[in-house]
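# Breakdown of the fold
If you want the building blocks of each chain, they are given just below.
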Amino acid sequence: SNSVELGADGTVTAKITLDATTAEGDQIIITDTNGNVLVDREVTAADLTNGIVVEGSVVGDKVEVTAQVIDKVGNPSPEASDSALVDTGAAPAPLVELQGDSNSDGIYNSVELGAD
């Protein structure tokens, strides 16, 4: 990811697609790079159809989102996650060079200024 791909708030969008065996009423827990809980609730029919979209926070140069489902009897799924490095560094500066100082003295005289 780079600064163009980041949201205005510095986050990255992640979509969690649930397994076909996940059921309505199971618990979904989604965390960000720092382990902050983004979602902790029961799975809905809309989640099963559309997935769940969250915004993952960038920490330093990394973004990570982790998800886990716990079924109705308390059995946890393995954690699933995705991560990426984020390049938020500035682009290299351009070179600016004034032209026409024919004697390279750092001072423009009337001849060097020209008519334009």
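Residues numbered from 1 in each chain as written. Predicted model: local features only at pLDDT ≥ 70, side-chain atom pairs only at ≥ 80, totals over all residues. Heavy atoms only, no water.

So, on to the overall build of the protein chain. Broken down by element type, the protein chain carries 2 helices and 6 strands. Listed by position from the N terminus, the elements making up the protein chain come as β-β-β-α-β-β-β-α. Within the protein chain, the proportion of its 116 residues that are buried is 25%. Contacts in the protein chain between residues at least 24 apart in sequence constitute 50% of all its contacts with a sequence separation of at least 6. (Helix = DSSP H or I, 4+ residues; strand = E, 2+ residues; numbered from the N terminus. Buried < 20%, exposed > 50% of the residue type's maximum accessible area, 1.4 Å probe, protein only. Contact = heavy atoms within 4.5 Å.)

Taken as a whole, this structure holds 2 salt bridges when the rule is applied. The residue Asp-47 makes a salt bridge to Arg-41 at a minimum N-O spacing of 2.5 Å. For Asp-47, a relative accessible area of 6% translates into the label buried. Residue Lys-62 pairs with Glu-64 through a salt bridge whose shortest N-O separation is 3.6 Å. (Salt bridge = Lys/Arg side-chain N within 4 Å of Asp/Glu carboxyl O.)

Let us now look at the nonpolar core. By size, the foremost hydrophobic cluster in this structure holds 12 residues: Ala-14, Ile-16, Leu-18, Ile-28, Ile-30, Val-39, Val-43, Ile-52, Val-54, Val-65, Ala-67 and Val-69. Put simply, the parts of the chain that give this core at least two residues each are strand 1 (11-16), strand 2 (27-31), strand 4 (52-59) and strand 5 (62-70). When residues of this core are assigned to their parent elements, the largest contribution, 3 residues, is made by strand 5. Once residues lying within four places of it in the same chain are set aside, the contact partners of Val-54 are Val-12, Thr-13, Ala-14, Ile-16, Ile-30, Leu-38, Val-39 and Val-65. (Core = buried A, V, L, I, M, F, W, Y, C linked by side-chain atoms within 4.5 Å.)

Below, the discussion takes up the side chain of Asp-26. Inspection of the secondary structure puts Asp-26 in the loop between strand 1 and strand 2. Summary of buried charges: Asp-26 has no salt-bridge partner, and the nearest side chain of opposite charge, Lys-72, is 5.1 Å away. Here Ala-23 takes part through its backbone nitrogen, which lies 2.9 Å from a polar atom of the side chain of Asp-26. Within the local environment of Asp-26, its side chain forms a polar contact with the backbone nitrogen of Lys-72, the two atoms lying 3.3 Å apart. Contacts of Asp-26, omitting those with residues within four sequence positions, involve Arg-41, Glu-42, Val-43, Val-69, Ile-70, Asp-71 and Lys-72. (Lys, Arg positive; Asp, Glu negative; His and termini not counted. Polar contact = N/O pair within 3.5 Å; in protein donor to acceptor, adjacent residues only side chain to side chain.)

Moving on: the environment of Thr-49. If you trace the backbone, Thr-49 turns up in helix 1 (residues 45-50). Measuring from C-alpha to C-alpha, the distance between Thr-49 and Thr-17 comes to 8.7 Å, with 32 residues separating the pair along the chain.

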